[in-house]
Amino acid sequence: MYRFSPENGTFLAARAQTPYKLSGVPVAQPQHFSYSDPYNPTPNPALESDEARIAFWAKQARERITWGQEWPEELTHSFKKPEVIGVDEDGVEQLSVPEIKWFAGGKLNVAFNCVDRHVEAGKGEKVALYFEGEPGDREAITYAELQRRVARAAHGLEKLGVKKGDRVVIYLPVIPETIIFTLACARIGAIHSLVFGGFSAEALKFRVEDTGAKVLITTDGQNRRGTVVPVKVNADDACAGENAIEHVIVVDRTAQTEAARAEVPWTEGRDVWYHELIANVPDSHDAPLHDAEDPLFIIYTSGTTGKPKGLVHTMGGYLVQTAYTHALLYDLLPDYEDEQGVLRPDELSAVNDPAKVESTVHWCTADLAWVTAHTYEIYGPLVNGVTEVIYEGTPNTPTFERHFEVLERYGVTNYYTAPTLIRSLMGAFPNGIEQGKFDLSSVRLLGSVGESINPEAWRWLRENVGGGTASFIDTWWQSETGSTICSPRPHDPQFAPSGTYDDDAPHTRVKPGCATRAVPGVSTRVVDEYGNEVAPGLQGFIVVDKIGPSMARTVWGNPQRYLDSYWKHYGERGWFLAGDGAKVDEEGDTYILGRIDDVINISGHRLSTIEIESSLVTHEAVVEAGVCPVEDELTGHQAVAFVTLTEAGQALSAEELKKALSEHIRKEIGPIAKPKDVVAVADIPKTRSGKITRRLLGQLYQGQALGDRSSLQNEEALEAIEKVLAAR
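Since the model is a prediction, treat every value here as computed from it, not as a measurement.

1. Let's talk about the pairing of strand S8 (residues 167-170)
Regular strands place their side chains on alternate faces of the sheet.
Here's step 1: One ladder, built from 4 bridges, connects S8 with strand S9 (residues 191-194); its direction is parallel. Bridge pairing in S9 places Val-169 opposite Ser-193.
Here's step 2: This β-α-β element, S8 to helix H5 (residues 176-188) to S9, shows right-handed connectivity.
Here's step 3: Of the pairings in the sheet, the one linking S8 to strand S10 (residues 215-219) comprises 3 bridges and is parallel in character. In the sheet register, Ile-170 faces S10, and the bridge partner there is Ile-217.

2. Remarks on the layout of surface pockets
Here's step 1: The volume enclosed by the second largest pocket comes to roughly 920 Å³.
Here's step 2: In this structure, the second largest pocket is lined by 43 residues; those nearest its centre are Arg-225, Pro-395, Leu-421, Ser-424 and Gln-713.
Here's step 3: Among the secondary structure elements, those contributing two or more residues to the lining of the second largest pocket are strand S20 (361-364), strand S22 (414-417), helix H14 (419-428), strand S32 (622-632) and strand S33 (636-645).
Here's step 4: It is H14 that provides the largest number of residues to the lining of the second largest pocket, a total of 6 residues.
Here's step 5: Of the residues assigned to the lining of the second largest pocket, the class counts are 18 nonpolar, 15 polar and 10 charged.

3. Let's talk about the nonpolar core
Here's step 1: Formed by 133 residues in total, the largest nonpolar core has its most connected members in Leu-146, Phe-181, Leu-183, Leu-216, Ile-217, Ile-249 and Tyr-379.
Here's step 2: Residue contributions to this core peak at 9 residues, all from helix H10 (residues 315-329).
Here's step 3: Not counting residues up to four positions away in its chain, the partners in contact with Ile-249 are Leu-157, Leu-160, Phe-181, Val-215, Leu-216, Ile-217, Thr-218, Val-272, Tyr-274 and Leu-277.
Here's step 4: Counting residues in hydrophobic clusters, the runner-up holds 36 residues, among them Val-389, Val-412, Val-443 and Phe-472.

4. Observations regarding the side chain of Asp-236
Here's step 1: Along the chain, Asp-236 turns up in helix H7 (residues 232-238).
Here's step 2: When near neighbours in sequence (up to four residues on either side) are disregarded, Asp-236 contacts Pro-265, Arg-270 and Asp-271.

5. A few points about the packing of aromatic side chains
Here's step 1: Summed over all chains, the structure comprises 31 aromatic pairs.
Here's step 2: For the pair Trp-458 and Phe-472, a centre-to-centre distance of 5.0 Å together with 20 degrees between the ring planes defines the contact as stacked. One end of the pair, Trp-458, is in helix H15 (residues 455-464); the other, Phe-472, is in strand S24 (residues 471-474), with 14 residues separating them in the sequence.
Here's step 3: For Phe-472, a relative accessible area of 1% translates into the label buried.

6. Re the packing of H14 against H15
Here's step 1: Where H14 meets H15, the closest approach of the two axes is 9 Å, and the angle between their N-to-C directions is 70 degrees. Relative to H15, the element H14 lies roughly perpendicular. Crossing handedness for the pair H14 and H15: left-handed. Residues Ile-422, Arg-423, Leu-425 and Met-426 of H14 lie in contact with H15, whose contacting residues are Glu-456, Ala-457, Trp-460 and Leu-461.
Here's step 2: Split into classes, the residues belonging to the contact of H14 with H15 amount to 6 nonpolar, no polar and 2 charged.

7. What to know about the pattern of salt bridges
Here's step 1: This model, assessed by the stated rule, comprises 51 salt bridges.
Here's step 2: Ionic pairing is found between Glu-139 and Arg-149, a salt bridge with its closest N-O pair at 2.3 Å. Placement of the pair is Glu-139 in strand S7 (residues 138-142) and Arg-149 in helix H4 (residues 143-159), with a sequence separation of 10 residues.
Here's step 3: Overall, the relative accessible area of 12% leaves Arg-149 in the buried class.
Here's step 4: Here Lys-232 ties to Asp-271 by a salt bridge, and the two come within 2.7 Å at their closest N and O atoms. On the criterion of sequence distance, the pair formed by Lys-232 in helix H7 and Asp-271 in strand S14 (residues 271-273) is long-range, its members being 39 residues apart. Residues Lys-232 and Asp-271 agree in their burial class; the two are buried.
Here's step 5: By sharing partners, the salt bridges in this structure join Arg-423, Glu-451, Glu-613, Glu-624, Asp-683, Lys-686 and Arg-694 into a single network.

What counts as what
- Residues numbered from 1 in each chain as written.
- Predicted model: local features only at pLDDT ≥ 70, side-chain atom pairs only at ≥ 80, totals over all residues.
- Heavy atoms only, no water.
- Pairing = 2+ DSSP bridges.
- Helix = DSSP H or I, 4+ residues; strand = E, 2+ residues; numbered from the N terminus.
- Right-handed = clockwise from strand over helix to strand, strands pointing away.
- 1 Å grid on protein atoms, 1.4 Å probe; cavity = no way out; pocket = protein on both sides within 12 Å on 5 of 7 lines; lining within 4 Å.
- Points joined across faces, edges and corners; volume = space filled by probe spheres on them.
- Nonpolar A, V, L, I, M, F, W, Y, C, P; charged D, E, K, R; others polar.
- Core = buried A, V, L, I, M, F, W, Y, C linked by side-chain atoms within 4.5 Å.
- Buried < 20%, exposed > 50% of the residue type's maximum accessible area, 1.4 Å probe, protein only.
- Contact = heavy atoms within 4.5 Å.
- Phe/Tyr/Trp six-rings, centres within 6.5 Å; stacked < 30°, edge-to-face > 60°.
- Axes fitted to C-alpha atoms, helices over the stretch in contact; angles between N-to-C directions.
- Parallel < 35°, antiparallel > 145°, perpendicular 65-115°, else oblique.
- Left-handed = near helix turned anticlockwise from the far one by under 90°.
- Salt bridge = Lys/Arg side-chain N within 4 Å of Asp/Glu carboxyl O.

As structure tokens, this is what we get:
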């Protein structure tokens, strides 16, 4: 139970002067690394029964989370599936909106679970965050110091009239204040919505208005690729017009002097400097209790058509599944001895191994506004009490060696990043990282997220950063699911040293780019449009047929869109349609093939864009590829490939490049997949989560009006591609 007394001495502990880890000194690793039994894999409670699934999550909730009041047992989980409630004027059946609840009536405080309880457990001097700014400024923030900063930010928000249920939009780069304000909102019960710091004023304006936010938090400027980019002007533009904004809090990230601050655009009575807001507030704050089903945050999807959807995640269920999946996938769970005395991972455990928690230094490279960062850069690491790294800048500032420097400097053990970043590193280091230049021996776990990773990038990262031995979790999940649904696990037999198992043992073959199977507590299946499971090797639609507690509850202000987007097709069965294509192999492992609308239908053959892209990047001329369908009178569609090139590729003429890549695709996949055209470009447009925006590529190639671009991290790539196409 909680101890919220402000007189508690842990609130007032002196700030720790924690030194950085010595460069090149690896973090202590376990003496013996266990692997799960390929003949007797960990059972999934979701595949046993609904009762077993619900009991599993109830145990995780009770043992992983500190509750001020436990939920009534009968309210552990309820799910009202969509039901037919009538027909419209055209005779089409209409369905009810689904209602999902977990742990209703239970009371907790998310920020307390992420910070205060670790301080009360005597871990106040443990580093919570290692921050590195793009210019090179660094800071180590302990759990005790993080507690004080969150308390001051919470008081500051309350001074401005923010209360439980109010919305706060956070438009900040990857800096400590982003995490501090996120936790401050969670503490007082305000609903936060983080917005990527590189988004335009128009994209920010939509989110400010759609949430009905009372407060916007921004910076004067941010560091981006070696220069200072003004940000406050975007915030001002976003607040123009009709909205509910009462105050704009401004973090001084780049001004740093009174004279420079005087130059920042300012609206008197509305705008307030963060340092002035918290100048005279206490550094302790009582953490009130909130219901498990109270909203925690709104996160907007990054689709390329239609307006973004504001998905709502709630406090209890989200934190429970986040805590467990972070512990499972990032190797915090304990081991046990099986009946033969062999050490095995306890993958269903509801407690962590203290030694693993103590030795972990976690780095998720995502921008904090992306759901990956919410779950595995903010809430997951902090609720489990580990140390994490956050880095403000781009991976190539000042050079592409920056990430390796960060990995070495802080002794990072877990490196979780996006396939697009890995491919960028491959392009910068085509012959691999210079031997002996960096000590990356601390890295014992790699991970990818955002979209399916091509096998070549998987192998490059494991060989160059993971020493050829690190486990590699290729995670599949979405903003809607809140946490990972499918992924390999660190102790899977496929990562065991050669010779550990017999050659014919199941699940021991390394599978680059395979999401393998669902994590315990949820389940998936790959089905056709009628809901029938497809045979191994055939493409279908992946659905989550047994959901977990972190599933989004609704679309903010538009529950009908929640139904229409995710539940209408298979909702009566209680299946969530993720919108991705997939296939399973002969061992039942799942391969994600990309968005359903990223499938190319050529003369009746359904081809995955990701499959073609993965083939292209194995050619020596190609760094990265984006493949899109374009209309064709004869075949229905044809593939067009946009590629960024290596030095070898840049030496080829356009005709030579097309011929070389067409022959490569013909050999690797078959003649049906060869591209109609190959376009060499400097950069490929992507969302902030690293997903290639293939729909926009197709629209550009065909001269069509472009759909929504607000989710792009590199909108300038569109203009550059337009010029390339116009010059052809």
